[in-house]
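# Survey of secondary and tertiary structure
Single-letter residue listing:
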Amino acid sequence: LHRGLDDLFRMARSTPLAPPCERFYFIRHGETDGNHKRIFQRADQPLNARGLAQAEAASLALASAGLQRIVASTMDRAWVTAQVIARPHGLEPIPEDGLRERWFGDLVGTPSHDHDWRDDPPNGETLQQFVTRTQAGIAKGLMQAQQAQTALVGHGGILYVLAPSLGLDIETSM
């Protein structure tokens, strides 16, 4: 169903990332009404009630992880998720624009269910721009993670870049 992801994965694999840490956490933001309706979302799209509950569940699951750094996308849905996760650790998330979802420009507000990742959205990011920006954001977010337990909080598209950049396969079912 996710047409064009093979190209995204190939691009990400062509520039492998070597994080300076053995382990880190990646958390995708909680659900939004935009996710539920399967539309391209605004940057300020908030979490819905289920998404807030998911953020709380992630916070609970990570409460004993000893997180020392939380680096997050500045898009509202990821930022709020990061704030909820940060609470039990007494942390403030570190903003990282490189972890923002791909910008779909003029497609925002329209259905996303039949999207081909290879298609460059009008007034949005090309696939190559997205992969390059995301890899830089991931590297920056993990740069100082050598000794610190770090969590990255982002979006589904970020995971699509992260996994193959680390040499990992990812299966998509949506």
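A few points on the structure.

Criteria and thresholds
All chains use their own residue numbering, which begins from 1 and follows the written sequence. pLDDT decides what is reported in this predicted model: residues at 70 or higher carry local features, side-chain atom pairs at 80 or more are listed and counted, and totals for whole chains, interfaces and linings draw on all residues regardless. Computation of side-chain values: all heavy atoms of the structure, hydrogens and water removed. Relative accessible area decides the class of each residue, using a 1.4 Å probe on protein chains only: under 20% of the type maximum gives buried, over 50% gives exposed, and in between gives partly exposed. Strands here are runs of E lasting at least two residues and helices are runs of H or I lasting at least four, both read from the DSSP assignment and numbered beginning at the N terminus. As used here, the arc is the angular range of directions from the helix axis to the C-beta atoms. In this description, contact between two residues means that some pair of their heavy atoms is separated by no more than 4.5 Å. Buried Ala, Val, Leu, Ile, Met, Phe, Trp, Tyr and Cys residues form a nonpolar core when they are joined through side-chain atoms within 4.5 Å. In this analysis, axes come from line fits to C-alpha atoms, helices being fitted only over the stretch in contact, and the angle between any two N-to-C directions falls in the range 0 to 180 degrees. The labels follow the angle: roughly parallel below 35 degrees, roughly antiparallel above 145, roughly perpendicular from 65 to 115, and oblique for the rest. Handedness of a crossing is defined here by the sense of rotation of the near helix relative to the far one, left-handed for an anticlockwise turn of less than a right angle and right-handed for a clockwise turn. Residues are grouped as follows: nonpolar covers Ala, Val, Leu, Ile, Met, Phe, Trp, Tyr, Cys and Pro; charged covers Asp, Glu, Lys and Arg; every other residue, Gly included, is treated as polar.

### Some details on helix α1 (residues 5-13)
Within α1 the residues assigned to the buried category are L5, L8, F9 and A12. Within α1, the buried residues cover an arc of 100 degrees as seen down the axis, which keeps them to one side. In α1, the exposed positions that point more than 90 degrees away from the buried face belong to D6 and R10. In this structure, the buried side of α1 is in contact with α5 (127-142) and α6 (156-165).

### Section: unusual backbone geometry
The backbone phi angle of R38 is positive, close to 55 degrees, even though this residue is not glycine. By the secondary structure assignment, R38 is in the loop between α2 (33-37) and α3 (49-62). Phi at N123 is positive, roughly 60 degrees, even though this residue is not glycine. One can find N123 in the loop between β3 (94-95) and α5.

### Remarks on the nonpolar core
Core analysis: the largest hydrophobic core is formed by 23 residues, its most contacted members being L8, W117, F130, I138, L142 and L152. Per element, the largest residue contribution to this core is 5 residues, and it comes from α5. Setting aside its immediate chain neighbours within four residues, L8 contacts W117, L127, F130, V131, Y160 and V161. By size, the runner-up hydrophobic cluster in this structure holds 13 residues, among which are A58, L67, I70 and V153.

### Some points on the packing of α1 against α5
Packed helices, taken two at a time, are described by the angle between their axes plus the distance between the axes. Taken N-terminus to C-terminus, the directions of α1 and α5 make an angle of 45 degrees; their axes are 10 Å apart at the nearest point. Relative to α5, the element α1 lies oblique. Considering how the two elements wind past one another, α1 and α5 form a crossing that is right-handed. Facing D7, L8, M11 and A12 of α1, the residues of α5 in contact are L127, Q128, F130, V131 and Q135. Class assignment of the residues belonging to the contact of α1 with α5 gives a composition of 6 nonpolar, 2 polar and 1 charged.

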